[in-house]
Protein chains: 2
Amino acid sequence: MTNSEILSNYLKNHGVKPSIQRLKIYEILRNNVTHPTADEIFNHLVKEIPTLSLATVYNTMHLFEQKELVRIINIENHQARFDWNMKPHGHFQCNVCGTIYDIEIDTNQMNINELDEYQLEESHFYFKGLCKTCLNK
Amino acid sequence: MTNSEILSNYLKNHGVKPSIQRLKIYEILRNNVTHPTADEIFNHLVKEIPTLSLATVYNTMHLFEQKELVRIINIENHQARFDWNMKPHGHFQCNVCGTIYDIEIDTNQMNINELDEYQLEESHFYFKGLCKTCLNK
DNA sequence: CTACAAAATTAGAATAATTTTAATCTATGG
DNA sequence: CCATAGATTAAAATTATTCTAATTTTGTAG
Ligand SMILES: [Mn+2]
Ligand SMILES: [Mn+2]
Ligand SMILES: [Zn+2]
Ligand SMILES: [Zn+2]
């Protein structure tokens, strides 16, 4: 099985019909460590699928979110970023180069008793500052 | 000393010249537990200061942020909210009623070793789900 | 007090991310 | 082949925020 076939099945298993647009969009997410914006995804893909519409990227991301295939990262106030990695983790964004790094977080260890009063559905841990690369300059 | 005078001095001590606009904006933040949007602040105040401009609210919030008088909460992707409470804490937003609750978080206890590699400047802890009020319906 | 400069405020236009609309295209089961 | 639902598209609309340029206010020196 090719990599595309594997991802195609993965979409099916999550209740998403794997159109070429959806498949390619998901491939971009999986093949890039970055947490891309809708626009970045669109610009990568439009070379290959010239009729692609930005609306399709947004439609697809919302569908993916519903089907728990991606999570939306709002670490920047002005634009959303998308993450295929569904296991709980936090994010650090460098204020200089803008790179977003994954941060491992053990949510069990941080027992926040106050949260018992709520029915928790989503957690987001965002950090900002300077990354090592930018510090060494 | 009246409450206004106290807050006025507080602004001065943080390097902010307390114009009537700035003072009233800061008063609104302090007198409301909610974490208001720029628009909400504007609509409260425009009754009292009819010439107030929304741009002034934004200008003031950015100045306040610089002077470490407020923090910006991006728990909603589409619009910023403002918080006068500068001591580290997290936020829970109810998916039904939209209310944002403060969540006490002991950041020391959650030692995230991976963060040692970075120079940390900001932390944001966002949670979403259902609040007690909405659960009991 | 007056004149001037700097700072703050303002209205409205501009920007940019996202959503909506309405039309067109595609896939598929009968 | 045809009908239908679902997916995609282009373009317009929406909305929060920022920008611009003009005006007002404030502080200060003469
Ligand atoms: Mn991630
Ligand atoms: Mn708060
Ligand atoms: Zn960096
Ligand atoms: Zn609620």
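Residues numbered from 1 in each chain as written. Chains lettered and ligands numbered in written order. Predicted model: local features only at pLDDT ≥ 70, side-chain atom pairs only at ≥ 80, totals over all residues. Heavy atoms only, no water.

J.: I'd like a description of the domain arrangement of chain A, backed by residues and values.
T.: Residue and element names in this part refer to chain A. Considered domain by domain, chain A is made up of domain 1 (3-83) and domain 2 (90-135). Taking only C-alpha atoms into account, the centre of domain 1 sits 23 Å from that of domain 2. Across the contact, nine residues belong to domain 1 and 10 residues belong to domain 2. For the pair domain 1 and domain 2, the summed buried area comes to about 780 Å², and 57% of that belongs to carbon and sulfur atoms. Linking domain 1 with domain 2 are zero salt bridges. The tally of links between domain 1 and domain 2 comes to six residue pairs in polar contact (both at pLDDT 80 or more). Mapped by element, the contributors of at least two residues to the side of domain 1 that touches domain 2 are strand S1 (71-73) and strand S2 (81-83). If you tally residues by element for the side of domain 1 that touches domain 2, the top one is S1, at three residues. The class makeup of the residues in the side of domain 1 that touches domain 2 is three nonpolar, two polar and four charged. (Domains from an automatic or database assignment. Contact = heavy atoms within 4.5 Å. Buried area = accessible area lost by both parts, 1.4 Å probe. Salt bridge = Lys/Arg side-chain N within 4 Å of Asp/Glu carboxyl O. Polar contact = N/O pair within 3.5 Å; in protein donor to acceptor, adjacent residues only side chain to side chain. Helix = DSSP H or I, 4+ residues; strand = E, 2+ residues; numbered from the N terminus. Nonpolar A, V, L, I, M, F, W, Y, C, P; charged D, E, K, R; others polar.)

J.: Explain helix H1 (residues 3-13) of chain A residue by residue, including any values.
T.: Residue and element names in this part refer to chain A. For H1, the set of buried residues is Leu7, Ser8 and Leu11. The arc that holds the buried residues of H1, viewed along the axis, is 105°, so those residues lie on one side. Residues of H1 that are buried sit in contact with helix H2 (20-31) and helix H4 (54-66). Just beyond H1, the residue with positive phi is Gly15, at close to 80°. (Buried < 20%, exposed > 50% of the residue type's maximum accessible area, 1.4 Å probe, protein only. Arc of directions from axis to C-beta.)

J.: Go over the coordination of the zinc ion (ligand 3), please, and point to the residues and values.
T.: All names here are of chain A. Protein ligation of the zinc ion (ligand 3) involves Cys94 (SG), Cys97 (SG), Cys131 (SG) and Cys134 (SG), the donor distances falling in the range 2.2 to 2.4 Å. Coordination geometry of the zinc ion (ligand 3): the four donor atoms subtend angles of 107 to 113° at the metal centre, consistent with an arrangement described as tetrahedral. Counting along the primary sequence, the residues that act as donors to the zinc ion (ligand 3) give the motif C-x2-C-x33-C-x2-C. With Cys94 in strand S3 (residues 90-94) and Cys134 in helix H5 (residues 132-135), the pair connects residues that are 40 residues apart, well separated along the chain. (Donors = N, O, S within 2.8 Å, 3.2 Å for Na, K, Ca; no water. Tetrahedral: all angles 85-135°; square planar, octahedral: opposite > 155°, others 65-115°.)

J.: So what's going on with the sheet that holds strand S5 (residues 119-130) of chain A? Residues and values would help.
T.: In a beta sheet, neighbouring strands pair by backbone hydrogen bonds and run either parallel or antiparallel. Taken together, the six strands give an open sheet; going across it, the order is S4(A)-S3(A)-S5(A)-S5(B)-S3(B)-S4(B), and neighbouring strands pair in mixed fashion. Because the sheet does not close on itself, it has two edges, and the strands there are strand S4 (100-103) of chain A together with strand S4 (100-103) of chain B. Strand after strand, the sheet turns through a mean of 25° between neighbouring axes, direction not considered. Across 11 bridges, the pairing between S5 of chain A and strand S5 (residues 119-130) of chain B is antiparallel. In the strand pairing of S5 of chain B, Leu130 of chain A is matched with Gln119 of chain B. (Pairing = 2+ DSSP bridges. Axes fitted to C-alpha atoms, helices over the stretch in contact; angles between N-to-C directions.)

J.: Explain the side chain of His124 of chain A to me, and be specific about the residues and the numbers.
T.: Residue and element names in this part refer to chain A. Position of His124 among the secondary structure elements: in strand S5. Looking at His124, its side chain comes within polar contact range of the side chain of Glu122, at 2.7 Å. Here Tyr126 takes part through its side chain, which lies 3.2 Å from a polar atom of the side chain of His124.

J.: Describe the protein's contact with DNA strand C, naming the residues involved and giving the relevant values.
T.: Around DNA strand C, the structure places 17 residues, and the nearest of them are Tyr58, His62 and Ala80 of chain A together with Ser19 and Thr56 of chain B. For DNA strand C, the backbone makes up 87% of the atoms found within 4 Å of the protein, where backbone means sugar plus phosphate. At a separation of 3.3 Å, a phosphate oxygen of DNA strand C approaches a polar side-chain atom of His62 of chain A. Residue Gln21 of chain B places a side-chain N or O atom 3.0 Å away from a sugar or linking oxygen belonging to DNA strand C. Residue assignment for the surface near DNA strand C shows that the elements contributing at least two residues are H4 of chain A together with helix H2 (20-31) and helix H4 (54-66) of chain B. Here the surface near DNA strand C takes four residues from H4 of chain A, the largest share from any one element. Each residue belonging to the surface near DNA strand C can be placed in one class, and the counts come to six nonpolar, nine polar and two charged. (Near = heavy atom within 4 Å.)

J.: Which residues make up the protein's contact with DNA strand D, and what are the values?
T.: Lining the immediate environment of DNA strand D, one finds 16 residues, of which Ser19 and Thr56 of chain A together with Tyr58, His62 and Ala80 of chain B sit closest. Per the 4 Å cut-off to the protein, sugar and phosphate atoms form 87% of the nearby atoms of DNA strand D. Within the contact set of DNA strand D, a phosphate oxygen lies 3.0 Å away from a side-chain nitrogen or oxygen of Gln21 of chain A. Of all the elements in the fold, those that place two or more residues in the surface near DNA strand D are H2 and H4 of chain A together with H4 of chain B. Top element by residues in the surface near DNA strand D is H4 of chain B. It accounts for four residues. Classifying every residue of the surface near DNA strand D by side-chain character gives six nonpolar, nine polar and one charged.

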